[in-house]
Amino acid sequence: MLQYSDQKPIITCSTGNSGNTAIAVLRLSGFSSFETIQRFFDLKKVKPRYNHFTKLLNSDGVALDEVIVSFYPAPHSYTGENVLEISVHANVLNVQRIIKVFCDNGFREALPGEFTFRALQNNK
């Protein structure tokens, strides 16, 4: 059985990233608020449960991709935590680069089944 040992924010490619496709969906969960990750997006504010077209920025403010983001605030999300879904261009290298940006800034890659584990922990 896998051991989920911390409550760090997590990220994964929920659509699989074994090959190049048109779109990949990255899912993030467990961050304290959208404001804590807002610096990665060219958005002034985000409306929950709406799709927003924006640029995804690295830590230096350089645009990495044009993306669609959807924010699901806690407790009304799949995991019961704040969740962000990012639809990105799904070149494998692009997906890996974006995941690395978040992992370099406090996130870690989710273990298999960890999103569902967190949902069960939060009575979802």
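Residues numbered from 1 in each chain as written. Predicted model: local features only at pLDDT ≥ 70, side-chain atom pairs only at ≥ 80, totals over all residues. Heavy atoms only, no water.

What follows is about the pattern of salt bridges. Counting across every chain of the model gives six salt bridges. Arg27 is the salt-bridge partner of Glu85, the closest N and O atoms lying 2.9 Å from each other. Of this pair, Glu85 sits in strand E5 (residues 83-89) while Arg27 is found in strand E2 (residues 23-29), placing the two residues 58 residues apart along the sequence. With relative accessibility at 21%, the residue Glu85 sits in the partly exposed group. Here Arg27 falls in the partly exposed class, since its relative accessible area comes to 23%. One salt-bridge network, in which partners are shared between bridges, spans Asp6, Glu81, Arg108, Glu114 and Arg118. (Salt bridge = Lys/Arg side-chain N within 4 Å of Asp/Glu carboxyl O. Helix = DSSP H or I, 4+ residues; strand = E, 2+ residues; numbered from the N terminus. Buried < 20%, exposed > 50% of the residue type's maximum accessible area, 1.4 Å probe, protein only.)

Moving on, we come to the environment of Lys8. Checked against the element boundaries, Lys8 lands in the segment before strand E1 (10-13). You can call Lys8 partly exposed: its relative accessible area is 37%. The spacing of Lys8 and Arg108 is 100 residues in sequence and 7.0 Å in space, taken between C-alpha atoms. Setting aside its immediate chain neighbours within four residues, Lys8 contacts Gly106, Phe107, Arg108 and Arg118. (Contact = heavy atoms within 4.5 Å.)

Moving on: the sheet that holds strand E6 (residues 108-109). A sheet is described by the order of its strands in space; here six strands give the open sequence E3-E4-E5-E2-E1-E6, paired in mixed fashion. If you trace the sheet from one side to the other, it starts and ends with strand E3 (51-57) and E6, each paired once. Inspection of the sheet shows E2 paired to E5 by seven bridges, in the antiparallel sense. Following the sheet pairing, Ala24 is matched in E5 by Val88. (Pairing = 2+ DSSP bridges.)

Let's shift gears to the nonpolar core. Residues Phe41, Leu84, Ile86 and Phe102 are the most contacted members of the largest nonpolar core, which totals 27 residues. Among the elements that line this core, the one with the most residues is helix H1 (residues 92-103), at five residues. When near neighbours in sequence (up to four residues on either side) are disregarded, Phe102 contacts Ile11, Leu28, Phe40, Phe41, Leu56, Ile86 and Phe107. (Core = buried A, V, L, I, M, F, W, Y, C linked by side-chain atoms within 4.5 Å.)

Relative to E2, E1 runs antiparallel, the two sharing four bridges. Along E2, the bridge assignment pairs Ile11 with Leu28.

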